[in-house]
Amino acid sequence: MHNPITAIILASLKKHPAGLSEFTLIQAIEAAGIFDALDSQADVALFQKHFLTMNALYHLQITLWEEEALYLSISALDIHLAPCGEAPCSQALDCEIKTTTLPEQSRNEALKSYYLDWSHYNEADEASVIRLLNSFWLRFLNPEQRQQALDILEIAEQVPDQATIRRQFRQLAAKHHPDKGGDSASFIAIREAYEVLQETDLT
């Protein structure tokens, strides 16, 4: 399931290249109106905000590592993007070799497993979570943001297919990848645009 908070995380990382706290990140998500549909009970809503944010962070951590060999460091006080060479590893990594295995970070493995398991979402079944995420997309994906994402990926078509979006993303991501001398801010902007344009089922 694609978590729309991912795009806001990337936008926040772009604004805070030195890193940011979970509190600052949640504030950015709240400012975007993404959490407006959460439970009316304050304690339940607080848990839901934290869970949805961490779920998006760990999904993004896996995706960035598998596709770009970039490591997203996640802790309550410091969330930042690091090149392959700065990732915590039990042994040296060759960043030129494609790998789908994240560096070992055992103290975070239990947390990651917890937040990637939707069954832990407080009193919410799969259908309600899907409805909630879809409502997030309806709030987040407005025409201006979509057009901006198309411009960043240099796509002229108003309704491009997913193959076109992915091809443009891969070309620009390779050009601006931080491990290949590219600009980190540009790379994050490209990734953010890609996430915004991801195919999402809103039915």
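Notes on the structure in this doc start here.

**What to know about the overall build of the protein chain**
The helix and strand tally for the protein chain stands at 8 helices and 2 strands. Of the regular secondary structure in the protein chain, the N- to C-terminal order runs α-α-α-β-β-α-α-α-α-α. Residues counted as buried form 43% of the 203 residues belonging to the protein chain. Sequence-distant contacts, at least 24 apart, represent 65% of the contacts inside the protein chain between residues at least 6 apart. Summed over all atoms, the accessible surface of the protein chain reaches about 10700 Å², with 51% contributed by carbon and sulfur.

**Considering the packing of helix α1 (residues 5-15) against helix α8 (residues 184-196)**
It is the contact of α1 with α8, at a shortest axis distance of 9 Å, that shows an interaxial angle of 165°. Taken together, α1 and α8 sit at an angle that is classed as roughly antiparallel. When the axes of α1 and α8 are compared, the crossing they make is left-handed. Here Thr6, Ala7, Leu10, Ala11, Leu13 and Lys14 of α1 come into contact with α8, specifically with Ala185, Ile188, Ala189, Arg191, Glu192, Glu195 and Val196. Class assignment of the residues belonging to the contact of α1 with α8 gives a composition of 8 nonpolar, 1 polar and 4 charged.

**Quick look at helix α2 (residues 22-31)**
Glu22, Leu25, Ile26 and Ile29 are the residues of α2 that are buried. For α2, the arc enclosing every buried residue in end-on projection is 95°, short of the 170-degree limit, so these residues lie on one face. Opposite the packed face of α2, turned more than 90 degrees from it, sit the exposed residues Phe23 and Ala31. Positive phi appears at Gly33, one or two residues downstream of α2, with a value of about 80°.

**Points about the pattern of salt bridges**
This structure, assessed with the given rule, holds 6 salt bridges. Residue Lys49 is joined to Glu30 by a salt bridge in which the shortest nitrogen-to-oxygen separation is 2.6 Å. Of the two residues, Lys49 is situated in helix α3 (residues 42-68) and Glu30 in helix α2; the sequence distance between them amounts to 19 residues. Notably, a salt bridge pairs Arg191 with Glu67, separated by 2.8 Å at the nearest N-O pair. Of this pair, Arg191 sits in helix α8 while Glu67 sits in helix α3, and the two are 124 residues apart along the sequence. For Arg191, a relative accessible area of 2% translates into the label buried. Each of Glu67, Glu68, Arg170, Arg191 and Glu195 takes part in salt bridges that share partners, so that together they form one network.

**Some words on unusual backbone geometry**
You will see that Ala69, though not glycine, has its phi angle at about 55°, which is positive. Along the chain, the position of Ala69 falls in the loop between α3 and β1 (70-73). Residues other than glycine seldom take positive phi values, yet Glu154 does so here, at roughly 60°. Accessibility expressed as a relative area gives 57% for Glu154, which makes it exposed.

**Let's talk about the side chain of Glu68**
Mapped onto the fold, Glu68 is located in helix α3. Separated by 2.7 Å, the side chains of Glu68 and Arg170 make a polar contact. Not counting residues within four places of it along the chain, the set of residues in contact with Glu68 comprises Thr63, Phe169, Arg170, Ala173, His177, Phe187 and Arg191.

Thresholds, definitions, all that
Residues numbered from 1 in each chain as written. Predicted model: local features only at pLDDT ≥ 70, side-chain atom pairs only at ≥ 80, totals over all residues. Heavy atoms only, no water. Helix = DSSP H or I, 4+ residues; strand = E, 2+ residues; numbered from the N terminus. Buried < 20%, exposed > 50% of the residue type's maximum accessible area, 1.4 Å probe, protein only. Contact = heavy atoms within 4.5 Å. Areas by Shrake-Rupley, 256 points an atom, 1.4 Å probe, with all protein chains shown as cover. Axes fitted to C-alpha atoms, helices over the stretch in contact; angles between N-to-C directions. Parallel < 35°, antiparallel > 145°, perpendicular 65-115°, else oblique. Left-handed = near helix turned anticlockwise from the far one by under 90°. Nonpolar A, V, L, I, M, F, W, Y, C, P; charged D, E, K, R; others polar. Arc of directions from axis to C-beta. Salt bridge = Lys/Arg side-chain N within 4 Å of Asp/Glu carboxyl O. Polar contact = N/O pair within 3.5 Å; in protein donor to acceptor, adjacent residues only side chain to side chain.

Read these as geometric descriptors, not functional statements.
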